[in-house]
Structure formats: structure tokens, C-alpha cells
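Analysis of the macromolecular model
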Amino acid sequence: MTVLNIAVAGSTGRMGRTIMQTIAEADDLRLSAALEQPDSAYLSQDAGSLIGTPNDIIIRSDFAAALLGSDVLIDFTRPAGTLAHLAVCRQLGIKLVIGTTGFSAEEKEMIRAAASDIAIVFAPNMSIGVNILFKLLEVATRALPTGYDVEIIEAHHRHKVDAPSGTALRMGEVIAQTQEKELEKVAIYGREGHTGERAADTIGFSTIRGGDIVGDHTALFAGIGERLEITHKASSRQTFAAGALHAARFLANQSSGLFDMQDVLGLR
Ligand SMILES: NC(=O)C1=CN([C@@H]2O[C@H](COP(=O)(O)OP(=O)(O)OC[C@H]3O[C@@H](n4cnc5c(N)ncnc54)[C@H](OP(=O)(O)O)[C@@H]3O)[C@@H](O)[C@H]2O)C=CC1
Ligand SMILES: O=C(O)C1=N[C@H](C(=O)O)C[C@H](O)C1
């Protein structure tokens, strides 16, 4: 069996730890590097000790050197970090799984450009359920007549720093594209004050932050006399980690190109 060597950026974060734990439980994957920022208090510690099983992989910040011997980098950090890692991976020819959210349109274009040289899976949500939700939104949007107001509601833990979530934005893009519109021209991000009546043919976004909510997303199609609600609720980050590692395995057979979880899961 071919073993895939996986480097993890943001290794001490919520997702980084979950991914390292999932790697430790897989017999076809090996943790090849655990990466953190130069000012991290975790540098020089055993990465495995963070998940209860020391593994002699030392947490380090010398990114380019640490990546040598890795097949794929999995990055759940912040946009600035991911873009820095992207440049190094492009230079070294290392495949990349990007889970980080909160990118601008220009930053997403930088990821697309790098995919001409390396294979990248870039997805705001790596769970199977959410990626099936995206397909359900296409069906519902296509089937519903006009006159159904679209609202997207998302809820996450108190530590999340970007809003709306990347998943919510992708849900809006799927609906808008199915309606043959551009999301940025129809999106309403939050409401306050005297807003006047709701404009038809817009997509509203609502954001809830609190507690340890892992990630809930609802698309609400509100008509007259009825409403349709399609909801996904994540109960553990393990669902995202499993998806990210499926994405890493998918990239083993790709030399370049930009992919998402619809490609990894064969849902396209
Ligand atoms: N696609 C998906 O399925 C999912 C995506 N996400 C996304 O993944 C990202 C991380 O989420 P989560 O793990 O909860 O966040 P955490 O804050 O728990 O972890 C982020 C990690 O990245 C590190 N980091 C922060 N900034 C930088 C930087 N500039 N360069 C390098 N490393 C950096 C942090 O280090 P330090 O602690 O020292 O700052 C930390 O180790 C978010 O964007 C989130 O939206 C989350 C879950 C699922
Ligand atoms: O920050 C999180 O936790 C999550 N972020 C992603 C997003 O922004 O959609 C995915 C998931 O909902 C968890």
C-alpha cells in the first residue's frame, strides 16, 4: 500500500489537531510535518503530544525545509497564512488541501493561478453532508418558482473570526448561479435600522456566533403559505478532517488543477 506523507499547517489549531488525530488513525497516511507560526508557543514540542500519542514529529515554523518529504500540505489557518504557504508549495511542487475560509475575490484568484502548477483542493466545507446540501440547493432553486425569498442562516462557535461562513457564502453562490445571477449583486449581509420592505430576488445572510457550535447552516426558501428549509448540522470536526484527508488521497492522482469537494466526492 502506498503511504501518503501529510504536512499540516495550523497544526495546533482546532482543525489541525483533529486532522493529526485522524492521520494517526489511518494506515495509509503518515504525518510528515506539523507547522506553526514563528511566534507559536508550541514550537519544538512533540506534535503527537497534543493528541495524546507522542510521535517524534516536532512542531516547527521553517516552512520550506519542513515540507521536504511531504506529498500534500493540509492548510486550515487564515488567509494570509494560506497564501504564504501557497507560494512555497507552488515553488516546491507540493499538492495542497485548503480548508481555510475568509478569502477575498482577489485572494481566491491567486489560489486559482497557483493551480496551473500544482494540484489543489479548495473547499469551504469538507463534510460529505454539506457537499450534498449544495446539490440539494441546486435542485430546490431550479424547482421552485419565483416568489420564494431566499435567506441563509449560519451558526458557529464563539472563536470564529470570519462571517458569513465560507459555507454560507458558497450556498449563496450555488443558489445565485442556479438563478443565473451574481451573488455579490443580490446578497444582503445583515440588516439593522429602518430597512424598508425586503427586496425581491435578493439573498439574505444571517450570522450567529456563540458557545461551541461546530457549524450549522440553513437555506430558507420563504414563500406565501409555506417555506422550505434545508439544514446541515455538524456535530464534530471529525467530519471536516475526514473530508480533508479524502481530498489529500484524491490529489495523489492529480498533477495540477483546482478542485473542490464536488470533484473529490464525485458529485459534479
Ligand atoms: N473547509 C472546512 O471544512 C473547514 C474550514 N474551517 C476553516 O479553517 C480555518 C481554521 O479553523 P480553526 O482550526 O477552527 O481555527 P484555529 O484558530 O483553531 O486554528 C488556526 C491555526 O492556524 C494558525 N494560524 C493563524 N494565522 C496564521 C498565519 N497567518 N499563518 C500560519 N498559521 C496561522 C493558528 O496559529 P495560532 O494559534 O498561533 O494563531 C492555528 O494553529 C478557518 O478559516 C475556518 O473557517 C474550519 C473547519 C472546517
Ligand atoms: O470556522 C469553522 O469552525 C468552520 N468554518 C467553515 C466555514 O467558514 O464555512 C466550515 C465549517 O462550517 C466550520
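Note that this is a predicted model, so its numbers are computed, not measured. (Residues numbered from 1 in each chain as written. Chains lettered and ligands numbered in written order. Predicted model: local features only at pLDDT ≥ 70, side-chain atom pairs only at ≥ 80, totals over all residues. Heavy atoms only, no water.)

Our next topic: the domain arrangement of the protein. One can read the domain layout of the protein as domain 1 (4–122 + 237–264) and domain 2 (128–234). On a C-alpha basis, the centroid separation for the pair domain 1 and domain 2 is 28 Å. Taken together, the 10 residues of domain 1 in the interface contact 13 residues of domain 2. When domain 1 packs against domain 2, close to 910 Å² is buried across both sides, 49% of that on carbon and sulfur atoms. Note that Glu 173 is salt-bridged to Lys 108, the shortest N-O span being 3.8 Å. Taken together, the elements giving at least two residues each to the side of domain 1 that touches domain 2 come down to α8 (238–251) and α9 (261–264). (Domains from an automatic or database assignment. Contact = heavy atoms within 4.5 Å. Buried area = accessible area lost by both parts, 1.4 Å probe. Salt bridge = Lys/Arg side-chain N within 4 Å of Asp/Glu carboxyl O. Helix = DSSP H or I, 4+ residues; strand = E, 2+ residues; numbered from the N terminus.)

In this section: the UniProt feature "active site" (unreviewed entry) in the protein. Sites flagged by UniProt as "active site" (unreviewed entry) map to His 156 and Lys 160. As for its position among the elements, His 156 is in strand β7 (residues 149–156). When sequence neighbours within four positions are dropped, the list of residues in contact with His 156 reads Ser 165, Ile 208, Arg 209, Gly 210, Ile 213, Val 214, Gly 215 and His 217. You can see Lys 160 is positioned in the loop between β7 and α6 (166–178). For Lys 160, a relative accessible area of 19% translates into the label buried. Those residues in contact with Lys 160 that sit more than four places away from it in its chain are Thr 101, Ser 165 and Arg 209. (UniProt positions renumbered as here; feature names shortened; annotations may be inferred. Buried < 20%, exposed > 50% of the residue type's maximum accessible area, 1.4 Å probe, protein only.)

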